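Each chain, letter by letter, is given below.
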Amino acid sequence: MSKAEVIDHYFYDESAYDYHDGGYVPLEEPKAPEKPLNIPEILKPDKETATDMYYTIVAQTGEVQLMPGKKTKTWGYNAPLLGKTVVFKKGKTIHLHLVNHLPEVTTFHWHGLAIPGPIEDGGCHAPVYPGESRDVTFKIDQPAAFVWLHAHPCPSTAEQVWHGLAAGAIVQDEHESSLPLPRNYGVDDIPVILQDRRFHKGNQWNYRKDYDPDGVAGPTPMINGTINPYFDVTTQKVRLRFLDGANRREFRLHFSDDLEFTQIAGDLSLLPHPVKMTKLLIACAERQEIVVDFGKYKPGDVVTLYSDDVPLIKFRIHEFKPDNTSIPETLFETPDPAVDTDLPVHHVTLDGMDEAVAMNGKKFKMDRIDYKMPMGKVQLWDICNTNPAPGMIHPYHMHGTAFEVMSRNGHAPYPNELGLKDTVAVNPGEHVVIKVWFNVPGIFMYHCHIIEHEDGGMMAQLQVVDPAVPDKKYHLMDHMTLMKAFAEERHVPMDKLWLGGMESYKKMGMEM
C-alpha cells in the first residue's frame, strides 16, 4: 500500500456486520440534552518511586445522572461508572491493592498487560469476594499502549462489564514519549470508551431483560459514560484513544465531511507507519488510536463522529494555535522473532453462534488446561472462524501476551493491524495466522471477546511453562465454586440462580 493512500473502507466482510444479525439492536440518537464528554480522571498513585508504583483499585457501586430523570445505578473502579485512568510506566514494578466494595464476587483483569497468570492477570481464577481485597505485584515490560481493566468472573463477565466495570489504562515508554504526538491528557489526548445501553423504567439497566446469547446491546450510545456528548476542541490536532468496551457491538467510525484522520496505534503498540483513512471499524475489546487534524475548520464549526449514521460525539471547534508538526513516517519497529521450527502450527476454531458457541468444538471449563506452550518459544497459531457466511465477525483475544498478525486467508494483514495486538477480528470462514510468544509464565485464557460468547463457552486456556520451573502446579477453580458464591451473595438457592453464561451450557444439556 502506498503511504499516501487514504483508506476509505472498513476492510471486513460487510455481509457479517452485526446489523445483519436477527437480534441486532440499531443505535439511535439519544433523546437527551448534550453534555460535555466525560474525561476520566487520572488515578493518582498511592506512592511512586524511581522503580515502583503503588495503586489502590476499588470496585464500587454508584449512581450517575445519565438521562433526564432518575439517576442510573452503576458500577465502576474508583468512580461510580467505568473508572479512573491508570498510568503504568515501562520498567517499573507495579503494586496493586485490589478492593471489592461490590455486593458480589468479581475479578480485576488487566486486558493487554503481559503479566503472569492467573492471579496477576486477574482472570476467573483470581476472585475477590465482597468486602475483601487482594494484593498483586508485577513488572511492566512492554511498549506504550492503551490497555484496559475489566471484570472477568466466569460466567458473569458480561453482566459485570454491562454494570460498568471497564476502565482505561495507559502504558508509557520513552520511545513513544519522544515522538511529536499529542499527549496532553484531557486536552489533546482523549480516551474514548465506546459502549451502548438500553434504559428501562426509572433509567435503570436490566441485563437479564436485555440478555441475548450472541451479545447484549442497547440502542443508546454511551461514550466514556456520557450520553449525547460534545468535546470542546482547543488544539488543532487531537489524539483519540478508542476502546470498544461494548459487550457485542462493533463500531464503524467516520467523521462528518468524510474528514481524513491518521491511525497511529492499535492494541499494544504504535503502528510501524501511520495509516491515513476516513473509515475505521473497531471490534469488541480492540483499541485503535488516531490523530485528527481540525486545521481546516473555524471557531463555531462542529465536526461529528458517527458510527454508521448515528452521531457519537460532536466536536465543537474553538480558537487554537496553528500546529505544523507532522507525524513521523516511521513510528515503531514491530518485533519479529523467528518461529521455532519444533513447534507445529496450533489450530484454534471459533465455533457457532447463540447457545451453541464453542472453541475447538468444546465449551470452556475453568479446571481444564486445553494447551501447553513453552515460555519464550515462538509459534504460529491459525485462528479460524468456522461460522459459514454471512455468520458473525468474532473478535479473538489472548491474555498475557501480544501477538503479530501474519496473514488473513493467505493474504497480507490489514495495514492498520501491523503493530502488536491482543485482539483480532476474524471474518466468517476466515483463517487468521498470528505469531504468538509469551515472556511470562502462567495460566491464560483465550476467547472470543463478544463477552456473552466467552461466558457461554467460546473460551479455552493454556499453560505457559517456564523451563526453569517446568513442574509448577496451579490451583484451578471450577465454575461451581464461583456460581455458589454468586448464589450466596444474591441470596438465592442454586436452582434459582441466573447468570447469562449458565444459560448456554444448560440449553446444550451440559454441566459447567
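Residues numbered from 1 in each chain as written. Predicted model: local features only at pLDDT ≥ 70, side-chain atom pairs only at ≥ 80, totals over all residues. Heavy atoms only, no water.

1. A few points about the UniProt feature "domain: Plastocyanin-like" (unreviewed entry) in the protein
Look at the UniProt record and you will see "domain: Plastocyanin-like" (unreviewed entry) annotated at residues 60-174 and 344-465. Along residues 60-174, the helical share is 7% and the strand share 42%, with 34 Å between the first and last C-alpha atoms. A helix fraction of 4% and a strand fraction of 48% characterise residues 344-465, whose end C-alpha atoms lie 17 Å from each other. (UniProt positions renumbered as here; feature names shortened; annotations may be inferred. Helix = DSSP H or I, 4+ residues; strand = E, 2+ residues; numbered from the N terminus.)

2. Concerning the environment of Cys384
By the element assignment, Cys384 lies in strand β27 (residues 378-385). Relative accessible area serves as the criterion here: at 10%, Cys384 is assigned to the buried category. Beyond its immediate sequence surroundings of up to four residues, Cys384 is in contact with Val348, Thr349, Leu350, Glu430 and His431. (Buried < 20%, exposed > 50% of the residue type's maximum accessible area, 1.4 Å probe, protein only. Contact = heavy atoms within 4.5 Å.)

3. Topic: the packing of aromatic side chains
In the structure shown here, the tally under the stated rule is 22 aromatic pairs. Note on Tyr371 and Trp381: the rings are 5.6 Å apart at their centroids and 90° apart in plane angle, and the pair reads as edge-to-face. Taken together, the residues span a long stretch of sequence, with Tyr371 in strand β26 (residues 371-374) and Trp381 in strand β27 at a distance of ten residues. Trp381 gets classed as buried once you look at its relative accessible area, which sits at 0%. Following the ring pairs from residue to residue traces out a cluster consisting of Phe231, Phe255, Phe261, Phe294, Tyr297 and Phe315. The positively charged end of Arg316 is found above the aromatic ring belonging to Tyr230, 3.5 Å away from the centroid. We note Lys363 situated over the ring of Tyr505; from NZ or CZ to the ring centre the distance is 5.4 Å. (Phe/Tyr/Trp six-rings, centres within 6.5 Å; stacked < 30°, edge-to-face > 60°. Lys NZ or Arg CZ within 6 Å of the ring centre and 35° of its normal.)

4. What about the side chain of Asn387?
Turning to its location among the elements, Asn387 is positioned in the loop between β27 and β28 (394-398). Taking the relative accessible area as the measure of exposure, Asn387 reaches 4% and is therefore buried. At 3.2 Å, the side chain of Asn387 forms a polar contact with the backbone oxygen of Gly352. Here His394 takes part through its side chain, which lies 2.8 Å from a polar atom of the side chain of Asn387. Those residues in contact with Asn387 that sit more than four places away from it in its chain are Leu350, Asp351, Gly352, Met353, Met392, His394, Pro428 and Gly429. (Polar contact = N/O pair within 3.5 Å; in protein donor to acceptor, adjacent residues only side chain to side chain.)

5. Section: the pattern of salt bridges
On inspection of all chains with the given rule, the structure shows 34 salt bridges. Two residues, Arg198 and Asp210, come together in a salt bridge whose shortest N-O distance is 3.7 Å. Of this pair, Arg198 sits in the loop between β13 (189-197) and α3 (207-210) while Asp210 sits in helix α3, placing them twelve residues apart in sequence. Judged by relative accessible area, which is 30%, Arg198 ranks as partly exposed. Using a relative accessible area of 12% as the deciding quantity, one classes Asp210 as buried. Via salt bridges that share partners, Glu176, Arg183, Asp189, Arg239, Arg241 and Glu289 belong to a single interconnected network. (Salt bridge = Lys/Arg side-chain N within 4 Å of Asp/Glu carboxyl O.)

6. Topic: the pairing of strand β17 (residues 251-255)
Among the five residues that make up β17, five are buried, leaving the element largely enclosed by the rest of the structure. By the alternation rule, side chains of β17 split into Phe251, Leu253 and Phe255 and Arg252 and His254, which are all buried. As defined by bridge partners, β17 adjoins strand β20 (residues 280-282) across three bridges and the pair is classed as antiparallel. What sits directly across from Leu253, in β20, is Leu280. Sheet topology note: the β17/strand β22 (residues 302-307) ladder contains three bridges and is antiparallel. Bridge pairing in β22 links Phe255 to Leu305. (Pairing = 2+ DSSP bridges.)

7. A word on the sheet that holds strand β30 (residues 420-421)
Judged by pairing direction, the sheet is mixed, and its six strands sit side by side in the order β25-β24-β27-β32-β29-β30 without closing on themselves. The outermost strands of the open sheet, each flanked by one partner alone, are β25 (358-359) and β30. The pairing of β27 with strand β32 (residues 431-437) spans seven bridges and is antiparallel. Looking at the pairing, Ile383 lines up with Val432 of β32.

8. A look at the side chain of Thr278
Assignment of secondary structure puts Thr278 in the loop between β19 (270-277) and β20. Under the relative-accessibility criterion, Thr278 is labelled buried at 10%. Look past the residues within four positions of Thr278 in its chain and what remains in contact with it is Val6, Ile7, Asp8, Leu253, His254, Asp258, Leu259, Glu260 and Phe261.

9. Quick notes on the environment of Asp267
Residue position: Asp267 is located in the loop between β18 (261-265) and β19. For Asp267, a relative accessible area of 0% translates into the label buried. Taking the C-alpha atoms as reference, Asp267 lies 23 Å from Met53; in sequence the two are 214 residues apart. Non-local contacts of Asp267, meaning those with residues more than four positions away in its chain, are made with Ala145, Phe146, Glu286, Arg287, Leu420, Lys421, Asp422 and Thr423. Only 3.2 Å separates the side chain of Asp267 from the backbone nitrogen of Asp422, close enough to count as a polar contact.

10. Structural notes on helix α5 (residues 479-489)
Those residues of α5 that sit buried are His479, Leu482, Met483, Ala485, Phe486, Ala487 and Glu489. On its buried side, α5 packs onto α1 (157-163) and α6 (500-507).

11. Points about the state of the cysteines
By definition, a disulfide links two cysteine residues through a covalent bond between their sulfur atoms. Per the stated rule, a full pass over the model turns up zero disulfides. Counting only cysteine sulfurs, Cys154 is the nearest neighbor of Cys124, a cysteine outside any disulfide, at a range of 3.5 Å. For Cys124, a relative accessible area of 0% corresponds to the buried category. With no disulfide of its own, Cys284 lies 7.6 Å from the sulfur of Cys448, the closest cysteine sulfur. (Disulfide = S-S within 2.5 Å.)

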